[in-house]
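The primary structure of each chain is shown beneath.
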Amino acid sequence: MRLPPIAPDQVTPEQLPLFDAMTAGVASKYDAFVTRRDDGALLGPWNAWLHDPELGEAFWSVTQAMTKARRIPDGPRQIAILVTGAHFGAAYETYAHGAVAARKHGMSERRLATLAAGERPEDLDDAEAVAHDVAKALLRGGVLPDPLYALAVSRFGQAGANELIYLVGHYCFVSMTLNGFAVPVPRADVSVSSG
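These notes cover the structure that comes with them. (Residues numbered from 1 in each chain as written. Predicted model: local features only at pLDDT ≥ 70, side-chain atom pairs only at ≥ 80, totals over all residues. Heavy atoms only, no water.)

### Considering the packing of helix 4 (residues 74-88) against helix 6 (residues 109-116)
1) Next: Contact pair helix 4 / helix 6: the axes reach a minimum separation of 8 Å and the direction vectors enclose 45°. When the axis of helix 4 is compared with that of helix 6, the two are oblique. Every residue of helix 6 that contacts helix 4 at I79, L82, V83 and A86 is listed here: R111, L112, L115 and A116.
2) Next: Residues of the contact of helix 4 with helix 6, tallied by class, amount to 7 nonpolar, no polar and 1 charged. (Axes fitted to C-alpha atoms, helices over the stretch in contact; angles between N-to-C directions. Helix = DSSP H or I, 4+ residues; strand = E, 2+ residues; numbered from the N terminus. Parallel < 35°, antiparallel > 145°, perpendicular 65-115°, else oblique. Contact = heavy atoms within 4.5 Å. Nonpolar A, V, L, I, M, F, W, Y, C, P; charged D, E, K, R; others polar.)

Have a look at this one:
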């Protein structure tokens, strides 16, 4: 990891408001995977953002907005996030959202492995298939093909299609953060800390 986790007693006055906001936000949403060290230091993208609180605050605000929007069901959301994380080989992203998908949606190990390999699982429902195919097309680059765009609007409504596109873009950014700073999957001896 290129940016060492910042223990709570090492947080600067400039970092403190962001640290407090992210710690509370992460604890309220994520209990399926490790988000902090035992000493309370944030892991994942949150640690990177904390190192640059001026920009980190903006990144955290976008993350909060994306989490709040919820215009598409969570199952298809998780599919789009996992497709994006797998595309970039962002290990922490695949680990974290794989845990969320398994715990909250009962996603099988086979489906998770298929997504992590960059493949399309055979058992996707219609909404998950749309999320998968839109994410894959966006990640290939270029304009999203009209039939896929129309399918997303038909399935999720205009606001939902917008959210799906923004979601893929946001998790491209999160994946770049994780990969750029070499953020690893937490060691097995680090316990899940949610409070």
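### Some points on helix 4
1) Next: Compared with an ideal rise of 1.5 Å per residue, which puts 15 residues at 21 Å, helix 4 spans 21 Å between its outermost C-alpha atoms and is within 8% of the ideal.
2) Next: The buried fraction of helix 4 is high, at 12 of 15 residues.
3) Next: Here helix 4 has its buried residues at G75, P76, R77, Q78, I79, A80, I81, L82, V83, T84, G85 and A86.
4) Next: Looking at the packing, one finds that the buried side of helix 4 touches helix 3 (53-69), helix 5 (91-105), helix 6, helix 7 (126-140) and helix 8 (146-180).
5) Next: Just beyond helix 4, the residue with positive phi is G89, at close to 65°. (Expected span 1.5 Å × (residues − 1). Buried < 20%, exposed > 50% of the residue type's maximum accessible area, 1.4 Å probe, protein only.)

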